Amino acid sequence: MSKPRVLVAYKKDAYQEYVKDQQDPHLSRLLKAHQPNLLGLKKAHQVHLASVEPVVEALDQLPIRYTLKERHRLRPTSSYDYAVSVGGDGTFLQLARCAHGALLMGVNSNTQCSEAAYSVATAETFHTVFSKALQGKLSVLRLPRLTLTLNGKSLPHLALNDVLIAHPQPAAMS
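Residues numbered from 1 in each chain as written. Predicted model: local features only at pLDDT ≥ 70, side-chain atom pairs only at ≥ 80, totals over all residues. Heavy atoms only, no water.

K.L.:
Let's hear about the overall build of the protein chain: which residues, and what values?
P.N.:
Within the protein chain, the regular secondary structure consists of five helices and seven strands. Of the regular secondary structure in the protein chain, the N- to C-terminal order runs β-α-α-α-β-β-α-β-β-α-β-β. If you line up the protein chain on its principal axes, its C-alpha atoms span 55 × 45 × 25 Å. Per-residue burial over the protein chain gives 34% buried out of 174 residues. Long-range contacts, defined here as pairs at least 24 residues apart, represent 56% of the contacts in the protein chain between residues at least 6 apart. Looking at the protein chain as shown, the accessible area adds up to about 11200 Å², and 53% of this sits on carbon and sulfur atoms. Computed over 20 positive and 13 negative side-chain charges, the inter-centroid distance for the protein chain is 5 Å. (Helix = DSSP H or I, 4+ residues; strand = E, 2+ residues; numbered from the N terminus. Buried < 20%, exposed > 50% of the residue type's maximum accessible area, 1.4 Å probe, protein only. Contact = heavy atoms within 4.5 Å. Areas by Shrake-Rupley, 256 points an atom, 1.4 Å probe, with all protein chains shown as cover. Lys, Arg positive; Asp, Glu negative; His and termini not counted. Charge placed at Lys NZ, Arg CZ, Asp CG, Glu CD.)

If you want it as structure tokens, here you go:
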């Protein structure tokens, strides 16, 4: 029997994107100057990392094959048995759009700041909860998915709770 295939999606936070990856000099100066409205940026980054790392460590211990992807790099696929989002509802909804046919599970990456209504686990409980899912011992809540048809053609993304129709540049007039 082959190992279950698992897609894990996570959100790249603003600190990672702009300070670490892009090394934005203006933002770096503001952070070094302890700009009050940016003080939470690094802390949120640390909290996020502290939730992603235990999930990856748990996955390494399980008899599965997994792929880790930033949520903005997700594309529609039906190649996975399970799909796990590490973040809040936005990450879960993005994953739900793309992971066709997979059982989805949300992991709330910041229980202090995120409601994460679709999440059933935290970093601390993920190993236990996901192990139950793999054994078929976790109840499944089936949610209807929406298919959008535009000009007679079905679009590749499935929606979970809503559809936004907008210009490719959202600030432009639709």
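Now, onward.
K.L.:
Give me the nonpolar core: which residues, what numbers.
P.N.:
One finds Val84, Val86, Phe126 and Phe130 to be the most contacted residues of the largest nonpolar core, which totals 20 residues. Of all the secondary-structure elements, those providing two or more residues to this core are strand E1 (5-10), helix H3 (39-61), strand E3 (82-87), strand E4 (103-108) and helix H5 (126-134). The leading source of residues in this core is H3, at five residues. Residues Ala83, Cys98, Ala99 and Ala102 belong to the second largest nonpolar core, which totals nine residues. (Core = buried A, V, L, I, M, F, W, Y, C linked by side-chain atoms within 4.5 Å.)

K.L.:
Give me the lowdown on the environment of Leu103, citing residues and values where you can.
P.N.:
Relative to the helices and strands, Leu103 resides in strand E4. C-alpha separation for the pair Leu103 and Asp81, spaced 22 residues apart in sequence, amounts to 6.4 Å. Leaving out residues up to four positions away in the same chain, Leu103 has contacts with Asp81, Tyr82, Ala83 and Val140.

K.L.:
Explain the pairing of E3 to me, using residue names and the numbers behind them.
P.N.:
When a strand is regular, its side chains alternate between the sheet's two faces. Of all six residues in E3, six are buried, a share of seventy percent or more. Burial along E3 is two-sided: Tyr82, Val84 and Val86 facing one way and Ala83, Ser85 and Gly87 facing the other are all buried. The sheet contact formed by E1 and E3 spans five bridges and is parallel. Directly across from Tyr10, in E3, lies its bridge partner Val86. Both E3 and E4 contribute to a ladder of six bridges, which runs parallel. By the bridge assignment for E4, Ala83 is matched with Leu104. Chirality of the crossover, the property in question, places the unit of E3, helix H4 (residues 89-98) and E4 among those that are right-handed. (Pairing = 2+ DSSP bridges. Right-handed = clockwise from strand over helix to strand, strands pointing away.)

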